[in-house]
Amino acid sequence: MKRQTMRRAGVVALALTSLIGLGSAAQADAGRRLASSCASDFCLYEHDDYNGAEEEFVFGSYNVCVRSLSLNNKASSMRNPSGARVQFYDSANCSGASGYAARPRSSDSDLTNNGFDNKTSSVKPVRP
Ligand SMILES: [Ca+2]
Ligand SMILES: [Ca+2]
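These numbers come from a predicted model, not from an experiment.

### Some details on the coordination of the calcium ion (ligand 2)
Angles between donor atoms at a metal ideally measure 109.5 degrees for a four-coordinate tetrahedral arrangement and either 90 or 180 degrees for a six-coordinate octahedral one.
Part 1 of the argument: Within the protein, Asn73 (OD1), Asp90 (O), Asp90 (OD), Lys119 (O) and Ser121 (OG) serve as the donor atoms for the calcium ion (ligand 2), at 2.3 to 2.4 Å.
Part 2 of the argument: Positions of the donor residues of the calcium ion (ligand 2), expressed as sequence spacing, correspond to N-x16-D-x28-K-x1-S. Note that Asp90 is positioned in the loop between strand 5 (85-89) and strand 6 (100-102) and Lys119 in the loop between strand 7 (106-108) and strand 8 (122-126), a separation of 29 residues in sequence.
Part 3 of the argument: For Asp90, a relative accessible area of 41% translates into the label partly exposed.
Part 4 of the argument: Take Lys119: its relative accessible area is 34%, and that puts it in the partly exposed class.

Now the structure itself:
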């Protein structure tokens, strides 16, 4: 009796494992699809290599601060297809020093080596 219960628990654990496996594969596919769809001025991504959630920014003009909403303190990679230089700020209102700046038409698959992983709270496009 005890043996049968254990075997059943094993089957449940296996089923859960395959569900989790499917889930992360589907999520990775979604991330890649989003990554290639950044037609806006600028995009932040939740994870390295343009994976996870995406936040798109449309800049109206230079020197206007835009706050990150969905990816506040979460961004780990970015794409900047615009002609602007984009400055990243740890604070919400582009106050204080810019911790990182993206060149026009550049991308960065990992913000860690710039010391800005999971920090960005606002961005500002400036004339390059
Ligand atoms: Ca992140
Ligand atoms: Ca921050």
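Having seen the model, we can carry on.
### Here's the deal with the sheet that holds strand 7
Part 1 of the argument: Pairing is antiparallel in the open sheet, where 4 strands are placed in the order 2-1-4-7. Taken across any chain shown, the strands that pair with only one partner, and hence form the sheet edges, are strand 2 (54-57) and strand 7. Between one strand and the next, the sheet's axes are offset by a mean angle of 10°, whatever the strand orientation.

### Concerning the environment of Ser95
Part 1 of the argument: As for its placement among the helices and strands, Ser95 is situated in the loop between strand 5 and strand 6.
Part 2 of the argument: Residue Ser95 is classed as partly exposed on the basis of its relative accessible area of 44%.
Part 3 of the argument: Sequence separation between Ser95 and Cys65 is 30 residues; the distance between their C-alpha atoms is 9.3 Å.

### Topic: the sheet that holds strand 3 (residues 66-67)
Part 1 of the argument: Read from one edge to the other, the open sheet built from 4 strands follows the order 3-8-5-6, with strand pairing classed as antiparallel. Both edges of this open sheet fall to strand 3 and strand 6, since each of them pairs with a single strand only.

### Section: the coordination of the calcium ion (ligand 1)
Part 1 of the argument: Protein coordination at the calcium ion (ligand 1) comes from Glu46 (O), Lys74 (O), Ser76 (OG) and Asn118 (OD1), with a distance range of 2.3 to 2.4 Å.
Part 2 of the argument: Mapping the donors of the calcium ion (ligand 1) onto the primary sequence gives the spacing E-x27-K-x1-S-x41-N. With Glu46 in the loop between strand 1 (42-45) and strand 2 and Lys74 in the loop between strand 3 and strand 4 (77-80), this residue pair connects regions lying 28 residues apart in the sequence.
Part 3 of the argument: Look at Glu46 and you get partly exposed, because its relative accessible area is 25%.
Part 4 of the argument: Residue Lys74 is classed as partly exposed on the basis of its relative accessible area, which comes to 40%.

### A closer look at unusual backbone geometry
Part 1 of the argument: If you check the backbone angles, Asn63 has positive phi at about 65° while not being a glycine.
Part 2 of the argument: Counting through the fold element by element, Asn63 comes out in the loop between strand 2 and strand 3.
Part 3 of the argument: Accessibility expressed as a relative area gives 53% for Asn63, which makes it exposed.
Part 4 of the argument: Within the chain, Asn118 stands out as a residue other than glycine whose phi angle is a positive 55°.
Part 5 of the argument: Secondary-structure assignment places Asn118 in the loop between strand 7 and strand 8.

### Side note on the packing of aromatic side chains
Part 1 of the argument: In this structure the tally under the stated criterion is 7 aromatic pairs.
Part 2 of the argument: Centre to centre, the rings of Tyr45 and Tyr50 are 5.6 Å apart; their planes meet at 80°, and the pair counts as edge-to-face.
Part 3 of the argument: Residue classification places Tyr50 among the buried residues on the basis of a relative accessible area of 13%.
Part 4 of the argument: Grouped by ring-pair contacts, the aromatic residues Phe42, Phe57, Phe59, Phe88, Tyr100 and Phe116 constitute a single cluster.
Part 5 of the argument: In this structure, Arg79 is placed above the aromatic ring of Tyr50, and the distance from its NZ or CZ to the ring centre is 3.9 Å.

Definitions and limits used
- Residues numbered from 1 in each chain as written.
- Chains lettered and ligands numbered in written order.
- Predicted model: local features only at pLDDT ≥ 70, side-chain atom pairs only at ≥ 80, totals over all residues.
- Heavy atoms only, no water.
- Donors = N, O, S within 2.8 Å, 3.2 Å for Na, K, Ca; no water.
- Helix = DSSP H or I, 4+ residues; strand = E, 2+ residues; numbered from the N terminus.
- Buried < 20%, exposed > 50% of the residue type's maximum accessible area, 1.4 Å probe, protein only.
- Pairing = 2+ DSSP bridges.
- Axes fitted to C-alpha atoms, helices over the stretch in contact; angles between N-to-C directions.
- Phe/Tyr/Trp six-rings, centres within 6.5 Å; stacked < 30°, edge-to-face > 60°.
- Lys NZ or Arg CZ within 6 Å of the ring centre and 35° of its normal.

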